[in-house]
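Per-entry structural report
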Amino acid sequence: MDMNASYHLLVEKYLPHVRIVFDRYHMQAQFGKDVLGSVRLEEAKAHRAEADQYDILARETEDRTQRDALKRKAKQARHEYSVVKQSRWQVLTSSKKLRVPGREKLDRILEEHKDLAVCYAMKEELCQLFELRDPDVARQKWTDWFEGAKTSGIPQLVKFAELKEKRIEGLVSHAVFPISTGKLEGFNNKIKVAKRTGYGYRNDDYFFTLIRYLSIPASGRFQT
């Protein structure tokens, strides 16, 4: 399951005998949004603020040579803003799946942005934790990960670790039961797309008929 507090408490109350496994899909998605996404946008905004400051100084400077130099710095800062702002794909994608140009771009961004580099390294390590199959090893590794995150001094990373550390039992359970709701979430997205493209349905039967149709493997939809 995901880490929704109400869901978690409800299952513990009515199904006390089951072992809860917290989902990899949601854990990684939340880290990407709440940590990597937030830190990346923060770094981008810093470049934009830097560019604005150079522009102000350039307008206030009478010396032409100095003014031109400030304008060049402002231009470079705006370029860095665009690069970081548009790096979402490179930052969230596994390093193993990036092609050479994407990897080079990512390396340059991480080299110049320390906090983002730390968060990216923690993301890569987090993904590896879900590959563990020994619960004792998993518990120790998760504990080490949370401690490292909390001592990073990066507010977004610290907050994420403090919240998720409370769910360590369900994370360790993944080492024993390596299951995921990834396919379920993917199908949910299919339903959302069908709902949007339909612009409304006359009755529920039409909508649920379409959902049943989408559940058929593509190779079998046109077989008679």
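Look up: the structure comes first, before these words.
Residues numbered from 1 in each chain as written. Predicted model: local features only at pLDDT ≥ 70, side-chain atom pairs only at ≥ 80, totals over all residues. Heavy atoms only, no water.

Quick word on the overall build of the protein
What counts is decided by this rule: To qualify as a helix, a DSSP run of H or I must reach at least 4 residues; to qualify as a strand, a run of E must reach at least 2; elements of each kind are numbered from the N terminus. This radius of gyration counts C-alpha atoms alone. The globule rule is 2.2 Å times how many residues there are, raised to the power 0.38. By definition in these notes, contact holds between two residues if any of their heavy atoms fall within 4.5 Å. Per-residue and other accessible areas follow the Shrake-Rupley method at a 1.4 Å probe size, with only the shown protein chains counted as cover for residues. For the purpose of charge, His is not counted, nor are the chain termini; Lys and Arg are scored as positive and Asp and Glu as negative. Each charge is placed at NZ for Lys, CZ for Arg, CG for Asp and CD for Glu.
When you go through the protein residue by residue, the secondary structure sums to eleven helices and zero strands. Along the protein, helices (α) and strands (β) appear in the sequence α-α-α-α-α-α-α-α-α-α-α when read from the amino end. Whereas a compact globule of 224 residues would reach a radius of gyration of roughly 17 Å, the protein reaches 23 Å, over 25% beyond that. Expressed along its principal axes, the backbone C-alpha trace of the protein runs to roughly 75 × 50 × 35 Å. Put simply, of all contacts in the protein between residues at least 6 apart along the chain, 64% involve residues at least 24 apart. Surface summary for the protein: the accessible area is close to 14,900 Å², and the carbon and sulfur share equals 53%. Where the 41 positive side-chain charges of the protein centre and where its 32 negative ones centre are 7 Å apart.

Concerning a nonpolar patch on the surface
What counts is decided by this rule: Residues enter a patch when their relative accessible area is above 30% and they make no salt bridge; the linking distance is 9 Å between like charges and 5 Å between nonpolar side chains (Val, Leu, Ile, Met, Phe, Trp, Tyr). One speaks of a salt bridge when a side-chain nitrogen belonging to Lys or Arg is within 4 Å of a carboxyl oxygen belonging to Asp or Glu. Burial classes follow relative accessibility: with a 1.4 Å probe on protein chains only, a residue under 20% of its type's maximum area counts as buried, one over 50% as exposed, and anything between as partly exposed.
A surface patch of nonpolar side chains, amounting to about 390 Å² of accessible area, comprises Leu10, Tyr14, Leu15 and Val18. Locating Leu10 in the fold gives a position in helix α1 (residues 5-14). Given a relative accessible area of 49%, Leu10 falls into the partly exposed group.

Concerning the pattern of salt bridges
Tallying each qualifying case throughout the model produces nine salt bridges. Asp55 serves as the salt-bridge partner of Arg78, at 2.8 Å between the closest nitrogen and oxygen. You can see Arg78 sitting in helix α3 (residues 64-85) and its partner Asp55 sitting in helix α2 (residues 24-60), a full 23 residues away along the chain. Taken together, the shared-partner salt bridges connect Glu80, Arg108 and Glu112 into one network.

Spatial relationships are all this shows, so hold off on functional conclusions.
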